Amino acid sequence: MTIVASNSLTISNVNDGTITHTAYSWSADGTDRFTTIYPNLNLLDGTKDIKPWATGNNIFNQDVEVIYFNDHKTVADLFKVGDIITLSYDIEFFNTELYNSSNDSAIRIQMLGGGWRQFSQVYAKNVNGKFYTKNEQISSEYVENPTHKVNISITMELDKYFIESHGNSNAIRLVYDYIPKGADTKLTNLKIEPAKDLSSTATPWMPSFSEVKTSDYPSYIGTYSDDKISDSTKSSDYTWSLIRGNDGKDGATGPQGPQGNTGATGPQGPTGPAGSDGNPGKIVSDTEPTTRFKGL
């Protein structure tokens, strides 16, 4: 099941009714992660390969994974009241035959600490051999889901309560609620990114600022012109050209240079003659004087 919103709009080079449309891709034909919006960097670290700590154990509030903001920055570091963000991820359910008709099984993503703000909750159940899911942020109804997959994109505005109650929070958490024992889920493409407005949708997954490499960015840009406002979502409508190549490999280590000459040892300085022994002291009296320090 895929949940998406309307595409965002990119308009450039407007001249005499002609509109040039722009798109981006990771392949020369525009089919690999086609997007009309240049992707934002992720505000979360370590999202490329998330491996949950454990499988379901059929209890409520089971911690599965903690994901930190870039460089462990806090909410106070990253956001202010009125900022808009988009949370997106893909979730796949395995061992779905272990589920039952209960309405209690769910996975959720929420803030770690502070007010424990919940961002997303997806319910799952099995009824008469058919698998159903419900995205609580979108609908109150379960939908049959034969692929066992859900795509999430949620855009929200951060209010004063969120900023004040989560100011010191630096991570989000993935939680299981009554996921059956032995059942697994796979979370991919997890991303939190800044959004322009509440109609914005997620841009393609990218790593965080501290993790990104040249090869992570789109390699190709596509353009075409017409008199229509909306961008085409067909990659074949665009003419594609290379934006940038990938980072080159490190060069081979050069040969070791010749060893330098060993310097000659300098002459040893002259040895001085030893001094002669001093004269022995003279004993004046074997008896300690009664008046000390006077006339001694």
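Residues numbered from 1 in each chain as written. Predicted model: local features only at pLDDT ≥ 70, side-chain atom pairs only at ≥ 80, totals over all residues. Heavy atoms only, no water.

Here we come to the packing of aromatic side chains. On inspection of all chains with the given rule, the structure shows 11 aromatic pairs. Here the aromatic rings of Tyr99 and Phe131 are separated by 5.6 Å at their centres, their planes lie at 70°, and the arrangement is edge-to-face. Placement of the pair is Tyr99 in the loop between strand E4 (84–93) and strand E5 (106–111) and Phe131 in strand E7 (residues 130–135), with a sequence separation of 32 residues. Members of the aromatic cluster, joined through ring pairs, are Phe34, Tyr224, Tyr238 and Trp240. A cation sits over an aromatic face here: Lys125 above Tyr142, 4.1 Å from the ring centre. (Phe/Tyr/Trp six-rings, centres within 6.5 Å; stacked < 30°, edge-to-face > 60°. Helix = DSSP H or I, 4+ residues; strand = E, 2+ residues; numbered from the N terminus. Lys NZ or Arg CZ within 6 Å of the ring centre and 35° of its normal.)

Attention now moves to the nonpolar core. Where a protein is soluble and globular, its nonpolar side chains tend to be buried together. Formed by 36 residues in total, the largest nonpolar core has its most connected members in Phe69, Tyr89, Phe93, Ile107, Ile172 and Leu190. At the level of secondary structure, the elements contributing two or more residues to this core comprise strand E3 (62–68), E4, E5, strand E6 (118–127), strand E9 (149–157), helix H2 (160–165), strand E10 (171–177) and strand E11 (185–194). Considering each element in turn, this core owes the most residues, 5 residues, to E4. When sequence neighbours within four positions are dropped, the list of residues in contact with Ile107 reads Tyr89, Ile91, Phe93, Ser120, Gln121, Val122, Leu174, Val175, Tyr176, Ile179 and Thr185. (Core = buried A, V, L, I, M, F, W, Y, C linked by side-chain atoms within 4.5 Å. Buried < 20%, exposed > 50% of the residue type's maximum accessible area, 1.4 Å probe, protein only. Contact = heavy atoms within 4.5 Å.)

In this section: the environment of Ile109. Along the polypeptide, Ile109 turns up in strand E5. Residue class for Ile109 comes out buried when judged on its relative accessible area of 1%. Ile109 sits 22 residues away from Leu87 along the chain, and the two C-alpha atoms are 9.7 Å apart. Apart from residues lying up to four places away in sequence, Ile109 is in contact with Leu87, Tyr89, Gln118, Phe119, Ser120, Ile172, Arg173, Leu174 and Leu190.

Here we take up the sheet that holds E4. Here we have 3 strands laid out as an open sheet, ordered E9-E4-E11, and antiparallel in their pairing. Two strands in the sheet have a free side with no partner beyond their single neighbour: E9 and E11. With strand direction ignored, the average angle separating the axes of adjacent strands in the sheet is 10°. By the bridge criterion, 9 bridges tie E4 to E9 in an arrangement that is antiparallel. Opposite Ile91, over in E9, you have Val150 as the bridge partner. (Pairing = 2+ DSSP bridges. Axes fitted to C-alpha atoms, helices over the stretch in contact; angles between N-to-C directions.)

This next bit is on the sheet that holds E5. One open sheet accounts for 6 strands, arranged E3-E10-E5-E6-E7-E8; its pairing is antiparallel. Of all strands in the sheet, those with a lone pairing partner are E3 and strand E8 (143–144), marking the two edges. Bridge count between E7 and E8: 2 bridges; the pairing is antiparallel. Bridge assignment links Thr133 to a residue of E8, and that residue is Val143.

What follows is about unusual backbone geometry. Excluding glycine, residues mostly have negative phi values, and the peptide bonds linking residues are mostly trans. Located in the positive-phi region is Asn58, a residue other than glycine, with phi close to 65°. Along the chain, Asn58 falls in the loop between strand E2 (18–25) and E3.

Another aspect to go through is the environment of Phe34. Locating Phe34 in the fold gives a position in the loop between E2 and E3. Remark: the alpha-carbon pair of Phe34 and Pro204, spanning 170 residues in sequence, is separated by 8.5 Å. Here Phe34 is in contact with Ala23, Tyr24, Ser232, Thr233, Ser235, Tyr238 and Trp240, once residues within four sequence places are set aside.

Let us now look at the confidence of the model for the chain. Across the chain, the average pLDDT comes to 85, with 77% of residues at 70 or higher. Across residues 1–11, where pLDDT falls below 50, the model places 32 contacts with residues more than four positions away in sequence or in other chains. In this model residues 292–296 is a low-confidence stretch, pLDDT under 50, and it forms 2 contacts with partners more than four residues away in sequence or in other chains. (pLDDT = per-residue confidence, 0-100.)

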